[in-house]
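Here is what each chain is made of, one letter per residue.
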Amino acid sequence: MGIVAAEVIVTSPDRNFVTLKLTTDEGVTGLGDATLNGRELAVVSYLRDHVVPLLIDRDERNIEDTWQFLYRGAYWRRGPVTMAAIAAVDVALWDIKAKRAGMPLYQLLGGASRRGLLAYGHASGKSLDELFDSIRAHLEQGYRAVRVQTGVPGLAAIYGIASNATTAANAGVRYDHEPAQRGALAVQEDWDTRRYLRHVPTVFEAVRHEFGPELPLLHDGHHRMTPIEAAQLGRSLEPYDLFWLEDCTPAENQEALRLVRQHTTTPLAIGEIFNTIWDYQLIIREQLIDYVRSAVTHAGGITHLKRLLEYAAQYQIKSGMHGPTDVSPVGMAAALHLGLAIHNFGIQEYMTHGARTNEVFEQSFTWRDGYLHPGDEPGLGVSLNVDEAGKYPYERAYLPYNRLADGTVHDW
Ligand code: CS2
Ligand code: MG
C-alpha cells in the first residue's frame, strides 16, 4: 500500500484548471480538482512544493488521517489556497478508494438518496429580450431552474459572470463591455448599487409575467450590497418567490446576515468563497441562511464538505454547491457523488464546460431532463487525457474587479 506518484497537471483548454493525479503502488490512480479561479498557480505551488513531498509512501487508504495531517500539520490553517490543495488530495484519495472497491464514489458515501440532482444554469442578458432568450434557451436545454442575472441601465458590464470564467468569453465571444482577456491584467468593471436595487425588481416582475409563477428563479447579488441594502432587495423580491438570493452581502462578518434575515423571507444562499466549517458556524447555528454554497473543490474536499453539510442538516439548511466553469469536471463529479448521497441536498449549479475541456476530461456523469447523475463507473467516473491536457498550457487570466463612480474599489 502506498502512494508512489503525485502529479499536478495544469491545463487551459477553455480556461485554466489545476488537477492532482495520485498513483498507488498497485497502479490505481485518483484525480482531485484544485482550481482556484484567478489564483491557480498559488495552489499549484502549495501542492507541488509543500504537499506532494509529504504524500509519497503515505497509505492511500487513510483518508481522514491524511486530511487531518494536511490541515493540522501545516500549522497555518484555512484559506482558499490551503483548502483547495487539501480538497484535491482528499478527492483523489476517495477516487482511489472507490475504484479499489469497484463502486461509484456515492456508494461509499451512503448510497443514493434520490434519483438525480436538480440543476440550475445561468441565464443572463443586458436587455429583457436578451434575458428572455437566454431563459428560453436554458428551458430548451432541459433546465428546471434558472439563475437570472441582468445588465443594469447605465452600467457597462453584465455583472456576476466573470468574463474570463465563461466558456463563451474564453472562446473569444465578445460582450459589449471589454471582457477580461486571458493573459490580461484584471479588468475594471463599474458598479452602482442604487441603480441595481431600483432595476432588479423590475426584471423579476417581467420574468414572472413572461414565464409564470412556477419556474424556480435564483439571483446572485455577488457580495455587492451592505446588509441593509441586501435586506431591501430581499424584501423587494418577495413577490417574485425566488428559490434563493445568493451572496447578498459579504459575509466575513457572519452577524451581517442577522439584519438581512430580520427583514426578508427571501431564501438566502451564501458561501461559494467560504472554505471551512468555521466560515459558516454562526450563520448555520442561527439559521441565517438556507443554502450552503461551497464547492467540494474549495472547501477541503468530500471529507470536510460532508462534515459541514451534516452540521447544516441539523438546522434544516441544504446544499447548493457552486458549479461554474471554474470548477473542473473532476470537481463537478465529486459534487455530484456527494450531492446524490446526502439527505439535505438542495440544488446543484451546472454551467456546461467547453468542448476542449470535455476532450481533456472524459466524464461519465449524465445530464438528463434537468437532473444530473454522477454515473456508476467505479470512483469519480472522470479520466484525464494527459496528452490532450498538454496541448493547452496555462494562460494567466484574472476575474474582473469593480470601481464605483467616484473610483472607489467595490466588491465584484
Ligand atoms: C458566480 C460565479 O456561479 C456563481 O455563483 O458567483 O460565476 C463566480 O463569479 C465565479 O465562479 C468566480 O470564479
Ligand atoms: Mg455566486
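Placed above this text is the structure.
How each quantity is defined
- Residues numbered from 1 in each chain as written.
- Chains lettered and ligands numbered in written order.
- Predicted model: local features only at pLDDT ≥ 70, side-chain atom pairs only at ≥ 80, totals over all residues.
- Heavy atoms only, no water.
- 1 Å grid on protein atoms, 1.4 Å probe; cavity = no way out; pocket = protein on both sides within 12 Å on 5 of 7 lines; lining within 4 Å.
- Points joined across faces, edges and corners; volume = space filled by probe spheres on them.
- Phe/Tyr/Trp six-rings, centres within 6.5 Å; stacked < 30°, edge-to-face > 60°.
- Helix = DSSP H or I, 4+ residues; strand = E, 2+ residues; numbered from the N terminus.
- Buried < 20%, exposed > 50% of the residue type's maximum accessible area, 1.4 Å probe, protein only.
- Pairing = 2+ DSSP bridges.
- Axes fitted to C-alpha atoms, helices over the stretch in contact; angles between N-to-C directions.
- Contact = heavy atoms within 4.5 Å.
- Donors = N, O, S within 2.8 Å, 3.2 Å for Na, K, Ca; no water.
- Expected span 1.5 Å × (residues − 1).
- Polar contact = N/O pair within 3.5 Å; in protein donor to acceptor, adjacent residues only side chain to side chain.
- Core = buried A, V, L, I, M, F, W, Y, C linked by side-chain atoms within 4.5 Å.
- Domains from an automatic or database assignment.

**Topic: empty space enclosed by the protein**
Working step 1: Inspection of every chain in the model, using the stated rule, returns one cavity of 30 Å³ or more.
Working step 2: In this structure, the largest cavity is lined by His-223, Asp-247, Thr-249, Pro-250, Ala-251, Ile-270, Gly-271, Ile-273 and Phe-274.

**Some thoughts on the packing of aromatic side chains**
Working step 1: Considering all chains together, one arrives at 14 aromatic pairs under this definition.
Working step 2: Taken together, a centroid distance of 5.5 Å and an interplanar angle of 90° make the contact between Phe-132 and Phe-211 edge-to-face. Here Phe-132, found in helix H5 (residues 128-140), pairs with Phe-211, found in helix H7 (residues 193-211); they are 79 residues apart in sequence, far enough to count as distant.
Working step 3: Since its relative accessible area comes to 9%, Phe-132 is described here as buried.

**Things to note about the sheet that holds strand E1 (residues 3-11)**
Working step 1: Pairing within the open sheet is antiparallel, and its three strands lie in the order E1-E2-E3. The strands lining the two open edges of the sheet, one partner per strand, are E1 and strand E3 (29-33). Across the sheet, the mean angle from the axis of one strand to that of its neighbour is 20°, orientation sign disregarded.
Working step 2: Pairing analysis gives five bridges linking strand E2 (residues 17-24) to E3, with the strands arranged antiparallel. The residue of E3 that forms the bridge with Thr-19 is Asp-33.
Working step 3: Helix H1 (residues 40-55) contacts E1 and E2 of the sheet and is inclined by roughly 170° relative to E1.
Working step 4: Set on the sheet, helix H3 (residues 80-101) makes contact with E1, E2 and E3; between it and E3 the angle comes to about 150°.

**Some points on the coordination of the magnesium ion (ligand 2)**
Working step 1: Note on the magnesium ion (ligand 2): its protein donors are Asp-220 (OD), Glu-246 (OE) and Glu-272 (OE). The metal-donor distances range over 2.0 to 2.2 Å.
Working step 2: Taken in chain order, the donor set of the magnesium ion (ligand 2) reads D-x25-E-x25-E. With Asp-220 in strand E7 (residues 217-220) and Glu-272 in the loop between strand E9 (268-270) and helix H10 (281-285), this pair connects stretches of sequence that are 52 residues apart. For the pair shown, Asp-220 and Glu-272 are each scored as buried.

**Overview of helix H12 (residues 329-341)**
Working step 1: Taking 1.5 Å as the rise per residue, H12 with 13 residues should run 18 Å; its terminal C-alpha atoms sit 18 Å apart, in good agreement.
Working step 2: One side-chain oxygen at the N-terminal end of H12 lies 3.0 Å from the backbone nitrogen of Val-330; it belongs to Ser-328.

**Some words on the side chain of Glu-272**
Working step 1: We classify Glu-272 as buried; its relative accessible area is 11%.
Working step 2: Within polar-contact distance, the side chain of Glu-272 engages the side chain of Arg-293 at 3.3 Å.
Working step 3: Only 3.4 Å separates the side chain of Glu-272 from the side chain of His-322, close enough to count as a polar contact.

**Focus: the side chain of Thr-266**
Working step 1: Topologically, Thr-266 is positioned in the loop between helix H9 (256-263) and E9.
Working step 2: Side-chain polar atoms of Thr-266 contact the backbone oxygen of Gly-234, separated by 2.7 Å.
Working step 3: Among all residues touching Thr-266, those that are not within four sequence positions of it are Gly-234, Leu-237, Glu-238, Leu-242, Leu-245 and Arg-261.

**Quick notes on the nonpolar core**
Working step 1: Leu-47 and Leu-257 are the most contacted members of the largest nonpolar core, which totals 120 residues.
Working step 2: The element contributing the most residues to this core is H3, with twelve residues.
Working step 3: Counting only domains with at least three residues in this core, you end up with domain 1 (3-104) and domain 2 (117-377 + 405-409).
Working step 4: The residues touching Leu-257, leaving out its near neighbours within four places in the chain, are Cys-248, Thr-249, Ala-251, Leu-268, Ile-270, Ile-283, Leu-288 and Ile-289.

**Quick word on the sheet that holds strand E17 (residues 401-403)**
Working step 1: With mixed pairing, the three strands of this open sheet are ordered in space as E6-E17-E18. The open sheet has two edge strands, strand E6 (188-190) and strand E18 (409-410), and neither has a second partner.

**Re the pairing of E1**
Working step 1: Pairing between E1 and E2: eight bridges, direction antiparallel. Looking at the pairing, Thr-11 lines up with Phe-17 of E2.
Working step 2: Connecting E1 to the next strand, E2, in antiparallel fashion are five residues.

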